[in-house]
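One-letter residues, chain by chain:
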Amino acid sequence: MSSDAAWVTATIVEILLIAFPLMLGVAMIIYADRKIWAAMALRKGPNVVGPLGLLQSFADGLKVFLQETIIPSAANKGLFLIAPIITFTVALMAWAVIPFNSGAILADINVGLLYVLAISSLGVYGVVIAGWSSNSKYPFFSAMRASAQMISYEVSIGFILICVVLWAGTFNLKGIVEAQRDHVWLINGFVANPLLFPMWVMFLISGMAETARAPFDLTEAESELVAGYQTEYSSMAFALYWLGEYANVLLMCALNAVLFWGGYLPPLDIPVLYLVPGFVWLLLKILFFFFIFSWVKATVPRYRYDQLMRLGWKIFLPVSLLFVFVISGWLMLTRYGAPL
């Protein structure tokens, strides 16, 4: 095998090593989500298909796979079919730069954080195209809501990420994780930094809004929009939206861990904790944040649309912009020795 063919083969294998566990993780996360909701509502949740109901997600996947794909007669068929593919593909592409360990990363690029921001911004296209191509007013209203919501919270997320980049001094995600090593006393993570802790809280809430999770699921308000932008979808087209949504949620959980909680580093900079593989620490942190996402969805009522926009534009945007000035000023005074 030539060097080019070996490189292509190795890259494909690395992609599959990320994609297959991610797809299995999405299936199990859907099961975990339903069990958490059930426990908080004093119900049992999935408990029939397989031991403890563990095969319920696979049974649901088989069911939608065997269903007929119905395309509305007045829909734009090409765009109607490509929209869920865009959403699902974009949700997988962002994982290429996530560092699972110090040497386990598919693309260790210097602008990894910009890549994640750009790729996650493309997700809105799948939603808008779905709403428009369905030729139905309720999916279209939902698509307009989704585009406004995602764009609004991406602005504040951008300023939050600027704060992280200023402190870490790099856009490389592995470099950002390494900058969190022994950051405050023995704590690995920017979350222990008094100036960056508010940024993490805002990032966590903005991540829920970016992925349209409760209490920001205005795109799926059943009382107003039937089911949102995917109302006209069925079979595997609907399943791709479902899988893409949960892949995006897992991505936001991973970004919380990587940007603020030390990523693959243990919580404390103690040698014995480094005996545990880094990807295990990252997985535990992702599961912790997913529990928070699911907990909020099970307990917090849905916002009104005006409340959603006010939180993004009147609170998160000015506060995140203020912290950019505060953090950059603090770094100029302490790290770079600027005169008073």
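Keep in mind the model is a prediction, meaning the values are calculated, not measured.

A. Fine view of the overall build of the protein chain. Summing up its helical and strand segments, the protein chain has 11 helices and zero strands in all. For the protein chain, the α and β elements follow one another from N to C terminus as α-α-α-α-α-α-α-α-α-α-α. The principal-axis extent of the C-alpha atoms belonging to the protein chain is close to 70 × 55 × 50 Å. Going through the 340 residues of the protein chain one by one, you find that 46% of them count as buried. As displayed, the protein chain offers around 16,300 Å² of accessible surface, 73% of which is attributable to carbon and sulfur atoms. Distance between charge centres in the protein chain, computed from 18 positive and 18 negative side chains, equals 8 Å.

B. Summary view of the packing of aromatic side chains. Under the defined criterion, the tally for this structure stands at 18 aromatic pairs. Ring geometry for Phe197 versus Trp200: centroids 5.7 Å apart, planes at 45°, classification tilted. Taken as a pair, Phe197 and Trp200 lie in helix α7 (residues 197-210) at a separation of three residues, close to a single helical turn. For Trp200, a relative accessible area of 10% gives the class buried. Three or more aromatic residues joined by ring pairs form one cluster here, namely Phe197, Trp200, Trp261, Phe288 and Phe289.

C. Expanded view of a nonpolar patch on the surface. Side chains of Leu79, Ile82, Ile85, Trp132, Tyr138, Phe140, Phe141, Met144 and Val226 sit close together on the surface and give an oily, nonpolar patch of about 800 Å² of accessible area. Sorting the residues of the nonpolar patch by element identifies α3 (77-93) and α5 (137-168) as the ones contributing at least two each. In terms of residues, the nonpolar patch owes the most to one element, α5, which gives four residues. Examined against the element boundaries, Phe141 turns out to sit in helix α5.

D. Quick peek at the side chain of Ser320. Within the secondary structure, Ser320 is located in helix α11 (residues 305-334). Look at Ser320 and you get buried, because its relative accessible area is 0%. Looking at Ser320, its side chain comes within polar contact range of the main-chain oxygen of Leu317, at 2.9 Å. Filtering out sequence-adjacent residues up to four positions away, Ser320 remains in contact with Ser156, Phe159, Ile160, Cys163, Met199 and Met202.

E. A look at helix α10 (residues 278-299). Taking 1.5 Å as the rise per residue, α10 with 22 residues should run 32 Å; its terminal C-alpha atoms sit 32 Å apart, in good agreement. Those residues of α10 that sit buried are Gly278, Trp281, Leu282, Lys285, Ile286, Phe289, Phe290, Ile292, Phe293, Ser294 and Val296.

F. Main features of the environment of Val326. Checked against the element boundaries, Val326 lands in helix α11. Overall, the relative accessible area of 35% leaves Val326 in the partly exposed class. Each C-alpha atom, one on Val326 and one on Leu195, is 8.4 Å from the other, the two residues being 131 residues apart in sequence.

G. Molecular detail of the pattern of salt bridges. Counted under the stated rule, the structure contains six salt bridges. As a salt-bridge pair, Arg310 and Asp306 come within 3.9 Å of each other at their nearest N and O atoms. Placement of both Arg310 and Asp306 in helix α11 is noted, with a separation of four residues, approximately one turn of the helix. When salt bridges with common partners are traced through the structure, they connect Arg304, Asp306 and Arg310 into a single cluster.

H. How the structure looks around the environment of Ala212. By the element assignment, Ala212 lies in the loop between α7 and α8 (222-225). Taking C-alpha positions, Ala212 is 9.9 Å from Asn248, a pair spaced 36 residues apart along the chain. Excluding anything up to four places from it in sequence, Ala212 contacts Gln149, Asp217 and Thr219.

I. Quick look at unusual backbone geometry. Residue Pro215 is reached from Ala214 by a cis peptide bond, and omega for that bond is 10°. In this fold, Pro215 is placed in the loop between α7 and α8. At Asn135, a residue that is not glycine, the phi angle is positive and equals roughly 55°. Among the secondary structure elements, Asn135 is positioned in the loop between α4 (112-133) and α5. Residues other than glycine seldom take positive phi values, yet Asp182 does so here, at roughly 50°. What makes Asp182 partly exposed here is its relative accessible area of 35%.

J. Quick look at the side chain of Thr87. Summarising the element assignment, Thr87 is placed in helix α3. With near-sequence residues (within four places) excluded, Thr87 lies in contact with Gly123, Gly126, Val127 and Tyr241.

K. How the structure looks around the packing of helix α1 (residues 3-40) against α10. One can describe the packing of α1 onto α10 by two numbers: an axis separation of 9 Å at closest approach and a directional angle of 45°. With respect to their mutual orientation, α1 and α10 come out oblique. Relative to α10, α1 is oriented so that their crossing is right-handed. Taking contact as the criterion, the partners of Ile29, Asp33, Ile36, Trp37 and Met40 in α1 are, on α10, Leu287, Phe290, Phe291, Ser294, Trp295, Lys297, Ala298 and Thr299. Counted by class, the contact of α1 with α10 contains nine nonpolar, two polar and two charged residues.

The rules behind these values
- Residues numbered from 1 in each chain as written.
- Predicted model: local features only at pLDDT ≥ 70, side-chain atom pairs only at ≥ 80, totals over all residues.
- Heavy atoms only, no water.
- Helix = DSSP H or I, 4+ residues; strand = E, 2+ residues; numbered from the N terminus.
- Buried < 20%, exposed > 50% of the residue type's maximum accessible area, 1.4 Å probe, protein only.
- Areas by Shrake-Rupley, 256 points an atom, 1.4 Å probe, with all protein chains shown as cover.
- Lys, Arg positive; Asp, Glu negative; His and termini not counted.
- Charge placed at Lys NZ, Arg CZ, Asp CG, Glu CD.
- Phe/Tyr/Trp six-rings, centres within 6.5 Å; stacked < 30°, edge-to-face > 60°.
- Patch = residues over 30% accessible without salt bridge, like charges linked within 9 Å, V, L, I, M, F, W, Y side chains within 5 Å.
- Salt bridge = Lys/Arg side-chain N within 4 Å of Asp/Glu carboxyl O.
- Polar contact = N/O pair within 3.5 Å; in protein donor to acceptor, adjacent residues only side chain to side chain.
- Contact = heavy atoms within 4.5 Å.
- Expected span 1.5 Å × (residues − 1).
- Axes fitted to C-alpha atoms, helices over the stretch in contact; angles between N-to-C directions.
- Parallel < 35°, antiparallel > 145°, perpendicular 65-115°, else oblique.
- Left-handed = near helix turned anticlockwise from the far one by under 90°.
- Nonpolar A, V, L, I, M, F, W, Y, C, P; charged D, E, K, R; others polar.

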